Structure formats: structure tokens, C-alpha cells
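# Tertiary structure, described
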Amino acid sequence: MPTLTAQFDGGPCATTINAKANIFDDSNQVFIGYQTDDIAGTGSAGCGSSLVAVVNWRNVDSGGVGSVSRHMFHNETNSISFAPGPGRIAIELTTLSTHFPDASRLEVVMHG
């Protein structure tokens, strides 16, 4: 997934969000693994401790849709997961804070 750059809630601090989608043959889940890396020189005074990331997904074949949100923290490695069912899954990662580009997008195929 393309890298997002986002601002932490309540302050001038910024981070990059590097994410990738993982699917496994024996699971009905899509896992979005991510790492946040604070950007040097953006400061930390007055910054919030997290930002809210949102993963929107749409099953292109079945029409199913969903959304999962999570607080991301400074220099964190973690994951978000969801169960979209079999088919082509369009995934969009965005945040509720100021960020660019407008979203990170990817499509994966879940086998049933």
C-alpha cells in the first residue's frame, strides 16, 4: 500500500504510515500490518499521543462493505483485521486527521 503521511491529533507532529495487506489460505481475515514512523524535525511538544486510522473495505464481487478504525501511536507496529468474505476486496486506508495523499488504496483477492 502506498505510504500515508499524517498529523497526530492535537499538534504539529507528523508520522508516516507504512502498511501492507496479508491474506492467508486458512483464514477468512484480511490483516493490514502497519508501522508508524515519526518524522524527524516535526517536534513533539504539544502533540497528541495518537491518530485515528480508518480502513474502509468493499467486496467488489458480493457488494459487502465495512469499516474498521484504530488508534495508532508514535513509532508503533501493529495490525488491523477484518473478514470481508471471498472475492475481490478493495481496501482504503485513511485517517481522521490531516494526511496526504488522500488515501492509500489496494485490491486483494480472498479465496472461499
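What this report covers is the structure whose coordinates are included nearby. All residue numbers refer to position in the chain's written sequence, counted from 1. Reporting of local features is limited, given that this is a predicted model, to residues whose pLDDT is at least 70; pairs of side-chain atoms are given and counted only at 80 or more, and all residues count toward the totals for whole chains, interfaces and linings. Side-chain descriptors were evaluated using all non-hydrogen atoms of the structure, hydrogens and water having been removed beforehand.

Attention shifts here to the pairing of strand β2 (residues 14–23). Pairing between strands requires that DSSP locate at least two bridges from one strand to the other. Segments assigned H or I by DSSP are reported as helices when at least four residues long, segments assigned E as strands when at least two residues long, and all are numbered from the N terminus. Pairing geometry for strand β1 (residues 4–7) and β2, over four bridges, is antiparallel. Each bridged residue has a counterpart across the sheet, and for Ala6 the counterpart in β2 is Thr15. Where β2 lies against strand β3 (residues 30–38), nine bridges are found, and the strand directions are antiparallel. By the bridge assignment, Thr15 is partnered in β3 with Asp38.

What follows deals with the sheet that holds strand β9 (residues 104–110). On the basis of which strands lie adjacent, the open sheet formed by four strands has the order β5-β4-β7-β9 and antiparallel pairing. Both outer strands of the open sheet, β5 (65–73) and β9, are each paired with one neighbouring strand and no more. Averaged over all adjacent pairs, the angle separating strand axes in this sheet is 20°, with direction ignored. Of the pairings in the sheet, the one linking strand β4 (residues 50–59) to strand β7 (residues 87–95) comprises seven bridges and is antiparallel in character. Within β7, the position partnered with Trp57 by the bridge is Ile91. For helices, the axis comes from a line fit to the C-alpha atoms of the stretch in contact; other axes are also lines fit to C-alpha atoms, and the angle between any two N-to-C directions lies between 0 and 180 degrees.

Quick look at the nonpolar core now. A general trend in soluble globular proteins is that nonpolar side chains are found buried together. We define the nonpolar core as a collection of buried residues of types Ala, Val, Leu, Ile, Met, Phe, Trp, Tyr and Cys that are connected through side-chain atoms lying within 4.5 Å of one another. Buried residues are those whose accessible area, probed at 1.4 Å on protein chains only, stays under 20% of the maximum for their type, while exposed residues exceed 50% and partly exposed ones sit between those limits. In this structure, Ile17, Phe82 and Ile91 are the most contacted members of the largest nonpolar core, which totals 22 residues. Mapped onto this core, the elements with two or more residues apiece are β1, β2, β3, β4, β6 (77–82), β7 and β9. No other element matches β4, which puts four residues into this core. Should any heavy atoms of two residues lie within 4.5 Å, those residues are counted as being in contact. Setting aside residues no more than four positions away along its own chain, Ile17 makes contact with Pro2, Thr3, Leu4, Ala6, Tyr34, Gln35, Thr36, Leu51, Met72, Leu93 and Thr95.

Here the bond from Phe100 into Pro101 is cis, since omega is -5°, no more than 30 degrees from zero. When you line up the elements, Pro101 lands in the loop between β8 (99–100) and β9. Here the phi dihedral of Asn75 falls at roughly 45°; this positive angle occurs in a residue that is not glycine.

Here the focus is the pattern of salt bridges. Salt bridge, as used here, is a side-chain nitrogen of Lys or Arg placed within 4 Å of a carboxyl oxygen of Asp or Glu. Here the structure, examined in full by the defined rule, presents three salt bridges. One salt bridge in this structure joins Arg105 and Glu92, with 3.1 Å as the shortest N-O distance. Of the two residues, Arg105 sits in strand β9 while Glu92 sits in strand β7, which places them 13 residues apart along the sequence. Note on Arg105: relative accessible area 45%, which makes it partly exposed. For Arg105, the salt bridge goes to Asp102, with nearest N and O atoms at 3.3 Å.

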